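Each chain, written out:
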Amino acid sequence: MTAALSVEGVSHAYGTRRVLNDVSLTVPQGQFTAVLGLNGAGKTTLLSLITRLFDTQSGTISVLGYRIDRQPGEALRRLGVVFQARTLDMDLSVMENLLFHASLHGIGGREARRRATEALTDVDMADRARDKARNLSGGQMRRVEIARALLHAPRLLVLDEPTVGLDIASKLAIVTHVRALVRDRGVGVLWTTHLLDEIEPSDHLLVLHKGRSMARGIVSDVVATAGVDTLRAAFASLTEGAGEREAA
Amino acid sequence: MSDLTLDAPAPGFTIGQYLICLRGIMWREGLRFVHQREHFVSALVRPLVWLFIFAAGFRQILGVSIIPPYETYVLYEDYVTPGLIAMIQLFNGMQSSLSMVYDREMGNMRMLLVSPFPRWFLLISKLLASTTVSILQVFAFLIVATLWGVDLPPWAFLTVLPALVLVGLMLGALGMLLSSLIKQLENFAGVMNFVIFPMFFASSALYPLWLVQQSSPVVYFVCRLNPFTYGIELIRFSLYGKLNIVALIVVAVVTTVFTVGAILAYDPARGLLVRRGGGPA
């Protein structure tokens, strides 16, 4: 089966500052893949490249087999995205935000409204459809953003540190919902984070540190290869090791 | 969990889907216009202040001789009206680009840019939307101006429409190009000063160019180079059912150049967003 997302040998620099160095990554369909890294590891840049906000300088990125540089339209319509920054239009209602997004994917009229209502029901936000986005809490906004990202039924969902700044209950609700999407709908998920407790042993993992890929594979394998017991210890040894090598 | 389907979409988009996207972008611009009533009010008050006060003062000082498209002596209010119409569109173009910078800072812009439709189509849709809003503002102004006594032919609302579309697109595209060059909102105030005021004053908005030429050949030369002058003249002639060919050509060429420039600036490969060397926009 074609991978939901395939990133091969991607490097990126802002001017002379290199922020991604030969990074490769695969998100299989129906799997949860986490990109783990500290702030400044290059996670957000990687997402900007996957969503074509920036052009790929070297390497290739494909969504469901469509190259983002050659067939951006086909790739983007199969991709749903939740950015780290809030991207709802605060002056519009929740429903208006969703309908606007649907139109940006060529979905209009009754179909758009039906999908928006279903997507809001999925995240328990149907009763807030008429509220202005600015009146929602942080966790509610995130849920609406996830609902919006799924309106066009993408096979790949990318989320950039979606739980940052949320309370424990909101965070749990979002993690649970996204994992259900993977399990029940077969959506491929790419989830960037710096929080170890959001990652499960059976997930796919990429450890990113200072723009370099330090480890890649199933979480339990990464931990075993590092010769430690926990992901925390594995992450520490992988990233500290990198620091020492750079220092040396 | 709902049954949002996961069927693979057919490749490419139909014309109907393009229209849905265009309508969505125009609808959002319309909602923004409705929600921000103070913008509408200030867009209307600004030219009316010029018309009610400035024009009243200037009426006795400035004599406007018979120059095309006028066939008789006209009052200063009549002369200044096309300039004020263009001013509405200039402010609207800049405000729309200001909102693009704001959207970029707030992150809303990303949702537009990750739409699967071609980038050029999205940007042109946005231009059409902001132009439509500017035309609504112009018509509101024209109604008040007519009631105030500005003398216009009865069909002026119709004949001026194509000119308003073209000039609206030109100034919207200029704003869009500027928005791609500006990194932060704070820098925008300077651009307003360096763009709006020089463009407005160094044009035929407030005084006929032959008067300018008599007092300063240099300023006259600058006015002749200013595309805004041609926008005003296009509007002025079309209000009276006439066509100023030179103005039409200049406005059409400048609109094309600005639009292509804006599309290139928002292209991820050549985009200035990246070239400036900053972090993710």
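Just above sits the structure.
For the structure given in this document, a descriptive report is provided here. Since we're looking at a predicted model, the values are computed, not measured.

Residue and element names in this part refer to chain B. As a packed pair, helix 11 (residues 227-239) and helix 12 (residues 245-265) sit with axes 8 Å apart at the nearest point and diverge in direction by 130°. On the basis of the axis angle, helix 11 is oblique to helix 12. The interaxial crossing formed by helix 11 with helix 12 has left-handed handedness. Contacts between helix 11 and helix 12 pair Pro227, Tyr230, Gly231, Glu233 and Leu234 from the former with Val246, Ala247, Leu248, Val250, Val251 and Val254 from the latter. Across the contact of helix 11 with helix 12, the residue classes break down as 9 nonpolar, 1 polar and 1 charged.

Let's shift gears to the packing of aromatic side chains. All names here are of chain B. Under the counting rule described, the total for this entry stands at 21 aromatic pairs over all chains. Ring geometry for Phe13 against Tyr18: centres 6.3 Å apart, planes inclined by 80°, an arrangement best described as edge-to-face. For Phe13, a relative accessible area of 18% puts it in the buried group. Seen in terms of ring centroids, Phe54 and Tyr76 are 6.5 Å apart; in terms of plane orientation they differ by 50°. Their pairing is tilted. With Phe54 in helix 2 (residues 37-58) and Tyr76 in helix 3 (residues 76-106), this pair connects stretches of sequence that are 22 residues apart. Using a relative accessible area of 2% as the deciding quantity, one classes Tyr76 as buried. Every member of this aromatic cluster is reached through a ring pair, and the members are Trp50, Phe54, Tyr70, Tyr76, Tyr79, Phe197, Phe200, Phe201, Phe228 and Tyr240.

Between chain B and chain A, the residue contacts involve 44 residues of the former and 50 residues of the latter. Both sides of the chain B and chain A interface together cover about 4200 Å² of buried area, and 63% of this is carbon and sulfur. The salt bridge partner of Asp89(A) is Arg28(B), with a shortest N-O separation of 2.5 Å. On inspection of chain B and its partner chain A, the count reaches 5 residue pairs in polar contact (both at pLDDT 80 or more). Sorting the residues of the side of chain B that touches chain A by element identifies helix 1 (15-35), helix 4 (108-113) and helix 5 (119-148) of chain B as the ones contributing at least two each. Looking at which element gives the most residues to the side of chain B that touches chain A, the answer is helix 1 of chain B, with 11 residues. A per-class count over the side of chain B that touches chain A returns 25 nonpolar, 13 polar and 6 charged.

What counts and how
- Residues numbered from 1 in each chain as written.
- Chains lettered and ligands numbered in written order.
- Predicted model: local features only at pLDDT ≥ 70, side-chain atom pairs only at ≥ 80, totals over all residues.
- Heavy atoms only, no water.
- Axes fitted to C-alpha atoms, helices over the stretch in contact; angles between N-to-C directions.
- Helix = DSSP H or I, 4+ residues; strand = E, 2+ residues; numbered from the N terminus.
- Parallel < 35°, antiparallel > 145°, perpendicular 65-115°, else oblique.
- Left-handed = near helix turned anticlockwise from the far one by under 90°.
- Contact = heavy atoms within 4.5 Å.
- Nonpolar A, V, L, I, M, F, W, Y, C, P; charged D, E, K, R; others polar.
- Phe/Tyr/Trp six-rings, centres within 6.5 Å; stacked < 30°, edge-to-face > 60°.
- Buried < 20%, exposed > 50% of the residue type's maximum accessible area, 1.4 Å probe, protein only.
- Buried area = accessible area lost by both parts, 1.4 Å probe.
- Salt bridge = Lys/Arg side-chain N within 4 Å of Asp/Glu carboxyl O.
- Polar contact = N/O pair within 3.5 Å; in protein donor to acceptor, adjacent residues only side chain to side chain.

Read these as layout, nothing more, since geometry by itself doesn't imply function.
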